[in-house]
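Chain and residue survey
Each chain, letter by letter, is given below.
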Amino acid sequence: MKLFTDFLLVSGIVINAFLLFKVIRKSKDSIPYVLLSTLFATSFILLVNFYAHLHDLTGLYLVSFVFEDGSRFLVSVLLFLYVKSLFHKNQYSFFRRYWIHFLPYVIYLIIISVPLALTMANLGFGFEYLSFLQGTQNFTLVKDVFFMGYLIKALLEFNNFKSKIENSYSTMLNRDFVWIGQMLAGALLIILVDLFFSLYQFWNVRFSFESGYISAICLVFLLGYLMYFGTNQSSIFLPDFMVDYENPIGQSTEPTLDYLTPNEKVSFTERLEKVMEQNQPYLNEDLTLTQLASEVGLPNKKLSLLLNHHLMTSFYDFINQYRIEEVKNKMKNAKYEKYSLLGLAHLSGFKSKSSFYRSFKKNTGTLPKTYRKNLKKSSPACTETFRSS
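Residues numbered from 1 in each chain as written. Predicted model: local features only at pLDDT ≥ 70, side-chain atom pairs only at ≥ 80, totals over all residues. Heavy atoms only, no water.

Details of the packing of aromatic side chains
Each aromatic ring pair is described using two quantities: the centre-to-centre distance and the angle formed by the ring planes. For clarity, the cut-off: Note on aromatic pairs: the rings of Phe, Tyr and Trp (six-membered ring only in Trp) are paired at centre separations within 6.5 Å, and the planes decide the class, stacked below 30 degrees, edge-to-face beyond 60, tilted for the rest. Segments assigned H or I by DSSP are reported as helices when at least four residues long, segments assigned E as strands when at least two residues long, and all are numbered from the N terminus. Partly exposed residues are those whose accessible area sits between 20% and 50% of the maximum for their type, while under 20% is buried and over 50% is exposed, using a 1.4 Å probe and protein chains only. The criterion for a charge sitting over a ring is simple: Lys NZ or Arg CZ within 6 Å of the ring centre, and within 35 degrees of the ring normal.
Tallied over the full model, the rule gives 16 aromatic pairs. Relative to phenylalanine 360, the ring of phenylalanine 356 lies with its centre 5.8 Å away and its plane at 70 degrees, an arrangement referred to as edge-to-face. Taken together, the positions of phenylalanine 356 and phenylalanine 360, both in helix H15 (residues 353-364) and four residues apart, correspond to about one turn of that helix. Accessibility assignment for this pair places phenylalanine 356 and phenylalanine 360 in one class, buried. Relative to tyrosine 371, the ring of phenylalanine 360 has its centre 5.4 Å away and its plane inclined at 75 degrees; by these criteria the two rings are edge-to-face. On the criterion of sequence distance, the pair formed by phenylalanine 360 in helix H15 and tyrosine 371 in helix H16 (residues 368-378) is long-range, its members being eleven residues apart. Here a set of aromatic residues connected by ring pairs shows up, and it is made of Phe73, Phe80, Tyr108, Phe146 and Tyr150. In this structure, arginine 323 is placed above the aromatic ring of phenylalanine 350, and the distance from its NZ or CZ to the ring centre is 5.9 Å.

Notes on helix H1 (residues 2-25)
Spelled out, the test is: Every helix has an expected span of 1.5 Å times one less than the residues it contains.
The first and last C-alpha atoms of H1 sit 34 Å apart over 24 residues, in line with the 34 Å expected at 1.5 Å per residue. Within the sequence span of H1, burial applies to Thr5, Asp6, Leu8, Leu9, Gly12, Ile13, Ile15, Asn16, Leu19, Leu20 and Val23.

Comments concerning the environment of glutamate 277
Residue position: glutamate 277 is located in helix H10 (residues 262-278). Residue glutamate 277 is classed as partly exposed on the basis of its relative accessible area of 48%.

Observations regarding the packing of H10 against helix H13 (residues 315-332)
Applied cut-off: Axes, fitted as lines to C-alpha atoms, cover a helix only where it is in contact. Angles between the N-to-C directions of the axes lie from 0 to 180 degrees. Roughly parallel refers to an angle under 35 degrees, roughly antiparallel to one over 145, roughly perpendicular to one between 65 and 115, and oblique to any angle outside these ranges. Crossing handedness is read from the near helix: turned anticlockwise from the far helix by less than a right angle, it gives a left-handed crossing, and turned clockwise, a right-handed one. Between two residues, a contact is recorded if the distance between any of their heavy atoms is within 4.5 Å. Gly falls in the polar group here, along with every residue not listed as nonpolar (Ala, Val, Leu, Ile, Met, Phe, Trp, Tyr, Cys, Pro) or charged (Asp, Glu, Lys, Arg).
Where H10 meets H13, the axes come as close as 11 Å, and the angle between the chain directions of the two elements is 40 degrees. It follows that H10 is oblique to H13 by the angle criterion. Crossing of H10 against H13: the hand is right-handed. Every residue of H13 that contacts H10 at Leu272, Glu273, Met276 and Glu277 is listed here: Phe318, Ile319 and Tyr322. Its residues placed into classes, the contact of H10 with H13 shows five nonpolar, no polar and two charged.

Quick notes on a nonpolar patch on the surface
As a reminder, the rule being used: Residues with no salt bridge and a relative accessible area higher than 30% make up the patches, which join like charges within 9 Å and nonpolar side chains (Val, Leu, Ile, Met, Phe, Trp, Tyr) within 5 Å. Computed with the Shrake-Rupley method and a 1.4 Å probe, the accessible areas treat only the protein chains shown as cover for residues. Throughout this description, the term salt bridge denotes a Lys or Arg side-chain nitrogen within 4 Å of a carboxyl oxygen of Asp or Glu.
Together, Trp99, Ile100, Leu103, Val106, Ile107, Ile110, Ile111 and Tyr129 make up an exposed nonpolar region whose accessible area comes to about 740 Å². Along the chain, isoleucine 107 turns up in helix H6 (residues 103-120).

A few points about unusual backbone geometry
At aspartate 56, a residue that is not glycine, the phi angle is positive and equals roughly 55 degrees. Take aspartate 56: it is sitting in the loop between helix H2 (31-54) and helix H3 (58-68). On the basis of relative accessibility, which here comes to 64%, the residue aspartate 56 falls in the exposed class. You will see that glutamine 280, though not glycine, has its phi angle at about 45 degrees, which is positive. When you line up the elements, glutamine 280 lands in the loop between H10 and helix H11 (289-296).

Observations regarding the side chain of lysine 143
The following threshold applies: Under this definition, polar contacts are N or O atom pairs within 3.5 Å; protein pairs additionally need one hydrogen-donor-capable and one acceptor-capable atom, and for neighbouring residues in sequence, both atoms have to be side-chain atoms.
Here lysine 143 lies in helix H7 (residues 138-166). At 3.3 Å, the side chain of lysine 143 forms a polar contact with the side chain of tyrosine 108. Ignoring any residue separated from it by four or fewer positions in sequence, one finds lysine 143 in contact with Asp69, Gly70, Arg72, Phe73 and Tyr108.

A look at the side chain of arginine 323
So the rule is basically this: Asp and Glu are treated as the negative residues and Lys and Arg as the positive ones, with His and the ends of the chain left uncounted.
Here arginine 323 lies in helix H13. Buried charge without a partner: arginine 323 forms no salt bridge, and the closest opposite charge is aspartate 286, 7.5 Å away. Within the structure, arginine 323 has its side chain in polar contact with the backbone oxygen of tyrosine 282 (distance 2.8 Å).

Some points on helix H12 (residues 300-310)
Residues of H12 that are buried: Leu303, Ser304, Leu305, Leu306 and Leu307. The secondary structure elements touched by the buried residues of H12 are H10, H11 and H13. At the C-terminal side of H12, methionine 312 shows a positive phi close to 55 degrees.

A look at the pattern of salt bridges
By the definition in use, this model includes nine salt bridges. Linking glutamate 264 and lysine 302 is a salt bridge whose minimum nitrogen-to-oxygen distance equals 3.5 Å. Taken together, the residues glutamate 264 in helix H10 and lysine 302 in helix H12 connect sequence positions 38 residues apart. Taking the relative accessible area as the measure of exposure, glutamate 264 reaches 21% and is therefore partly exposed. A relative accessible area of 24% places lysine 302 in the partly exposed class. Lysine 351 is paired through a salt bridge with aspartate 286; the nearest N and O atoms lie 2.6 Å apart. Within this pair, whereas lysine 351 is found in the loop between helix H14 (341-347) and H15, its partner aspartate 286 is found in the loop between H10 and H11, the two being separated by 65 residues in sequence. Here the residues in one salt-bridge network are Arg72, Asp144 and Asp194, joined through shared partners.

What follows is the structure, encoded as structure tokens:
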């Protein structure tokens, strides 16, 4: 069992070092990269601490223990602020605004972690107030609950982030959202495992093994999963769409009392439909609200109001409706009979298979494959020709 645990820990340390190297090398001196680098550096120290404990490497264990002991106060904050930072572009104002979130970790580090490490090192330092920690799980539970609280905040912020992107971009890179979402889900799983064992030990149930290794092994598997996506997706460490939280694209900082007059609604809708039909901007897989507003000849704010409050849709859904119609028309066109579904999707402006399938099902109530099969049954000769791209 020790050999297996040793193998997993060494593998985790190597994977973690690789991820840290990738993030540092790709660093653009932006807030998300700084936070992500710190996050991977912390997980690296945590794994090194478990490795040192497994092999009785006292010096390495004590040094890494100083940072590992309160790591849940730090990692939880880093995850939350990483998601939060995707909305900010001003690094200095961001840290000036949110530095206080690191205070619990700093206080714990100074009052608990460092004194504990000095006590374990038998250097003659006396910290009598630490005696109440012996044989209790009180602080472990506090750290787990703290972690859970920030993780829930991070997940809520993540969902908020996705909704903002829908109002500004026609293509949401699903792989980026999957990576961020699964990193948060993985962290949630690890803390739930840790909390489970902590609660059992809180009721004086003792295990024949060090329960912390279970959480460490879960972390290794999560890092391996993240490395797989990191090496297969060029933009995986940070989505290219960074939206200013204070003034997201397509939304206004002015009061929401702004509205369009009846004449503006009719006029703007006609202009928008004309551009969509004649210019087919939806074929551009990277189309943004700003680009479409420029083609229509409207300010971002006006176009956003038209879509959200008059047409009652998001920019993302509005564009994909046209893309779905384009795919359906190509399915009916004999010229595209030999094209795969994914090929038709790319020709119609979709950038990923997942977003195509999701949008198609949402708009038609059926999957693309089923729709195409039913279409062929109703029109075997496939002779009808429609507008092509």
